[in-house]
Amino acid sequence: MKNAFITGVIIGVLSGLWLFVMHIAGYDLTKDQVSPFEYVSVIIPIAGLFFGLKSYRDNDLGGNMGFLEALIQCFKILILAGIIAIFAGILYISYVDAGNNARDFSGRMFAALLIGVLSSLAMSLILTTKSNKVD
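Residues numbered from 1 in each chain as written. Predicted model: local features only at pLDDT ≥ 70, side-chain atom pairs only at ≥ 80, totals over all residues. Heavy atoms only, no water.

1. Some details on a nonpolar patch on the surface
The criterion, for reference: Patch rule: a residue counts if its relative accessible area is over 30% and it has no salt bridge; like charges are joined within 9 Å, and nonpolar side chains (Val, Leu, Ile, Met, Phe, Trp, Tyr) within 5 Å. Computed with the Shrake-Rupley method and a 1.4 Å probe, the accessible areas treat only the protein chains shown as cover for residues. Between Lys or Arg on one side and Asp or Glu on the other, a salt bridge is scored when a side-chain nitrogen of the former is within 4 Å of a carboxyl oxygen of the latter. Starting at the N terminus, helices and strands are each numbered in turn, a helix being any DSSP run of H or I of at least four residues and a strand any DSSP run of E of at least two. Each residue's exposure class comes from its accessible area (1.4 Å probe, protein chains only) as a fraction of the maximum for that residue type: buried when under 20%, exposed when over 50%, partly exposed otherwise.
On the surface, a nonpolar cluster with roughly 850 Å² of combined accessible area is contributed by F75, I79, I83, F110, L113, L114, V117, L118 and L121. Those elements that provide at least two residues to the nonpolar patch are α3 (67–96) and α4 (102–127). The element best represented in the nonpolar patch is α4, accounting for six residues. We classify L121 as partly exposed; its relative accessible area is 35%.

2. Considering the side chain of S124
Definition in use: The contact definition used throughout considers only heavy atoms, calling two residues in contact when any of these lie within 4.5 Å.
Relative to the helices and strands, S124 is located in helix α4. Setting aside anything within four residues of it in sequence, one finds S124 in contact with L53, F67, A70, L71 and C74.

3. Here we look at the layout of surface pockets
Quick note on the threshold: Think of a 1 Å grid over the protein atoms and nothing else: a 1.4 Å probe that fits but is trapped marks a cavity, an open set flanked by protein within 12 Å on at least five of seven lines marks a pocket, and residues with an atom within 4 Å of a point count as lining. Grid points are joined across faces, edges and corners, and a volume is the space filled by probe spheres set on the points. Three categories are distinguished: nonpolar for Ala, Val, Leu, Ile, Met, Phe, Trp, Tyr, Cys and Pro, charged for Asp, Glu, Lys and Arg, and polar for the others, with Gly belonging to the last.
Taken as a whole, the largest pocket encloses approximately 780 Å³ of empty space. R108, M109, A111, A112 and L113 are the residues nearest the centre of the largest pocket, which is lined by 30 residues in total. Among the elements of the structure, α1 (2–25), α3 and α4 are those that each provide at least two residues to the lining of the largest pocket. Top element by residues in the lining of the largest pocket is α4. It accounts for nine residues. Its residues placed into classes, the lining of the largest pocket shows 23 nonpolar, five polar and two charged.

4. Side note on the packing of aromatic side chains
Stated precisely, the cut-off is as follows: Geometry of aromatic contacts follows a simple scheme: Phe, Tyr and Trp rings, the Trp one being its six-membered ring, pair when their centres are within 6.5 Å, and the pair is stacked under 30 degrees between planes, edge-to-face over 60, tilted otherwise.
A full pass over the atoms with the stated rule returns one aromatic pair. Centroid distance F50 to F51: 5.3 Å. Interplanar angle 80°. Geometry classified as edge-to-face. Overall, the relative accessible area of 57% leaves F51 in the exposed class.

This is the structure we're talking about:
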C-alpha cells in the first residue's frame, strides 16, 4: 500500500500543478476547445502508473505479477491521484478561474478518468509477468 500511496500522491500533485501551469501559460481551460499543449498532461498518469507499477512488481512482488494484481494496484494509485487532482481542480475553479462555469471543466475531469482507466489496462498488460493465468 505504501507504493500506491507514494505514486498516487505524486501523480495527483503533478496533475493538480498542471492545471495551474496551464493557467500561468495562458491557456483557458473552460472553453470547449482543447489546446495541443493540454495533451501533454496525458504523460503524467501514464508515466506515473508505469513507474509505480514497475516498482510494485520488482520490489514488493519479487518480479512476478499477475494481470489482476497489476490492475488492482493501478486502481489504488489512481483513486488517490484522482482525489488529489479533483481537490486541486476545485481549488482552481473556486479561486483562480472563479468566473467560469464548472460544467465545462467537469468534461476534462471525465476525460482524465477515461485516460486513467485506459492507462491502467495498458500498464497492467505491459507489466504482467504471469502470462498463463489471470491471477
